[in-house]
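# Structural characterization, general
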Amino acid sequence: MVILHFAAIENDCFDGVSVAVAAHIKAQSKYIKVGFVNISNEKISSLDNQLEYKKPFKIGELPEPFNKPDLVVFNECYRIDYIPIARNLKKHSIPFIIVPHGELRKEAQQKKYLKKLVANFLIFNHFINSAKAVQCLSEIEMENTKFGKHKFVCTNGVSKPVQRKTEFNKDKVKFIFIGRLEWRVKGLDILIDAVKSIEDYMKEHNCSVDIYGPGDERRMAVQAMIDEKNLGELITLHHEISGLEKEKKMLDADIFIQTSRHEGMPMGLLEALSYGMPCLITEGTALGQFVSDYDAGWVSATEAQSLSQVIIQSVENRDLWKKKGDNAIRIIDDCFNWDDIAQKTIGKYRELIS
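A brief report on the enclosed structure follows. Remember, it's a predicted structure, so these values are computed and weren't measured experimentally.

This part is about the pairing of strand β10 (residues 235–238). On any regular strand, side chains alternate: one points to one face of the sheet, the next to the other face. On β10, burial follows the alternation: Ile 235 and Leu 237 on one face are buried, whereas Thr 236 and His 238 on the facing-out side are not. Here strand β9 (residues 207–212) runs beside β10; their pairing, made up of 4 bridges, is parallel. In the strand pairing of β10, Val 209 is matched with Ile 235. The parallel pair β9 and β10, bridged by helix α9 (residues 216–228), forms a crossover whose chirality is right-handed.

Structure representation (structure tokens):
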């Protein structure tokens, strides 16, 4: 079986799509022949079988066996370069699927609504409907994606780290968020409003929230929200972190918090679970059912009033932190290790092309 992936990604450990696409390709490559065309033509350091992207694209000009793949996978949807590529595939009767990474969820469609409405009508509806299937990264994403004739779920995964969370602070409570500072999608305004509503409680119990993420403009916007609510004593905004520094900050904290309005499958949250961090999340993160079923943390409605009460609940449940952290690792072992995900995904691919 030969699979050819298309994407527009970078060597950027802070971009969830770039990390997830590279990891999917690497995991699948253990079991089948996988090629990769990066339409940005940036070489991804972790991947083999990277093929040059040329315009106009012609599948027959790729080296064997990638000139006749059994299936093509388009990662993300709103890439205008994909349209002529899809036409060329159709000419050669090569089926393709789309992995929108959350772009087609109804919440995501509300962002720049009119622009997307026109683009969908003129260009992308035909592209999506020509796909063999749409691959969603969670059940919630599939339920909230109204595009595509056929949809199926195969998730992201995470590599289990050597280190894990074993000790917690006794005289304070450190919440941590690591991810993009796209405040609306990530619900950072919800988090800030929730903290403001229980400001006295958090000071009394020596609670703090550390937010780490890339992007100067977005950081300025989030900092403005913190300053407007006079929460500088409780919420600290930091630059992005990676590697050993990120691991250290993660293990020094007590509870990973993510308050997204909508997600495909958040890589930062999967990583936190893999360290054995108890997690406090909103329903919009797409992992709420797993966290609830495995008792690996706390799940809030995606609004500030509910979140504030769940924050208090997490602080009062200090004696459960270790147990919830152990359960977090069970989620990864049972549901999100890359080898199992790769084999499941390949199985779905085989079903589609058979």
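Structure shown, so let's carry the discussion forward.
So, on to the nonpolar core. Counting 88 residues, the largest nonpolar core has Leu 4, Phe 6, Phe 74, Ile 85, Phe 96, Phe 127 and Phe 256 as its most contacted members. In terms of residue count, the dominant contributor to this core is helix α1 (residues 16–28) (7 residues). Counting 34 residues, the second largest nonpolar core, distinct from the first, contains Ile 190, Ile 211, Leu 307 and Val 315.

Checked against the element boundaries, Asn 67 lands in the loop between β3 (50–51) and β4 (71–75). What Asn 67 contacts, discounting residues up to four positions off in sequence, is Ile 59, Gly 60, Leu 62 and Ile 94.

Attention now goes to the side chain of Thr 282. Its location among the elements puts Thr 282 in strand β12 (residues 279–282). For Thr 282, the side chain forms a polar contact with the main-chain oxygen of Ser 260, separated by 2.7 Å. Contact partners of Thr 282, with chain neighbours within four places excluded, come to Gln 258, Thr 259, Ser 260, Val 299, Ser 300, Ala 301 and Thr 302.

Axis separation between helix α7 (residues 188–197) and helix α13 (residues 304–316) bottoms out at 8 Å; the angle between their running directions is 60°. Classified by the angle their axes make, α7 and α13 are oblique. Read as a crossing pair, α7 and α13 show a hand that is right-handed. Between α7 and α13, the residues in contact are Ile 190, Leu 191, Asp 193, Ala 194 and Ser 197 and Ala 304, Leu 307, Ser 308 and Ile 311, respectively. Across the contact of α7 with α13, the residue classes break down as 6 nonpolar, 2 polar and 1 charged.

This part covers the environment of Ser 159. Mapped onto the elements, Ser 159 comes out in the loop between β7 (151–153) and β8 (173–178). Placed 59 residues apart in sequence, Ser 159 and Arg 218 show a C-alpha to C-alpha distance of 29 Å. Setting aside anything within four residues of it in sequence, one finds Ser 159 in contact with Ser 274 and Trp 338.

Moving on: the pattern of salt bridges. As enumerated under the stated definition, the model contains 22 salt bridges in all. The salt bridge partner of Arg 180 is Glu 182, with a shortest N-O separation of 2.4 Å. Using a relative accessible area of 24% as the deciding quantity, one classes Arg 180 as partly exposed. For Asp 295, the salt bridge identified is with Lys 323, shortest N-O distance 3.9 Å. With Asp 295 in the loop between α12 (288–293) and β13 (297–300) and Lys 323 in helix α14 (residues 321–335), the pair connects residues that are 28 residues apart, well separated along the chain.

Right, let's get into the packing of helix α2 (residues 82–91) against helix α4 (residues 113–129). Each packed pair of helices is defined by two parameters, the angle between the axes and the distance between the axes. Contact geometry for α2 and α4: axes closest at 11 Å, N-to-C directions at 40°. Our classification of the angle between α2 and α4 gives oblique. Classified by chirality, the crossing of α4 by α2 is left-handed. Residue-level contacts link Tyr 82, Ile 83 and Ala 86 of α2 to Ile 123, Phe 124 and Phe 127 of α4. In the contact of α2 with α4, the residues fall into 6 nonpolar, no polar and no charged.

How each quantity is defined
Residues numbered from 1 in each chain as written. Predicted model: local features only at pLDDT ≥ 70, side-chain atom pairs only at ≥ 80, totals over all residues. Heavy atoms only, no water. Buried < 20%, exposed > 50% of the residue type's maximum accessible area, 1.4 Å probe, protein only. Helix = DSSP H or I, 4+ residues; strand = E, 2+ residues; numbered from the N terminus. Pairing = 2+ DSSP bridges. Right-handed = clockwise from strand over helix to strand, strands pointing away. Core = buried A, V, L, I, M, F, W, Y, C linked by side-chain atoms within 4.5 Å. Contact = heavy atoms within 4.5 Å. Polar contact = N/O pair within 3.5 Å; in protein donor to acceptor, adjacent residues only side chain to side chain. Axes fitted to C-alpha atoms, helices over the stretch in contact; angles between N-to-C directions. Parallel < 35°, antiparallel > 145°, perpendicular 65-115°, else oblique. Left-handed = near helix turned anticlockwise from the far one by under 90°. Nonpolar A, V, L, I, M, F, W, Y, C, P; charged D, E, K, R; others polar. Salt bridge = Lys/Arg side-chain N within 4 Å of Asp/Glu carboxyl O.

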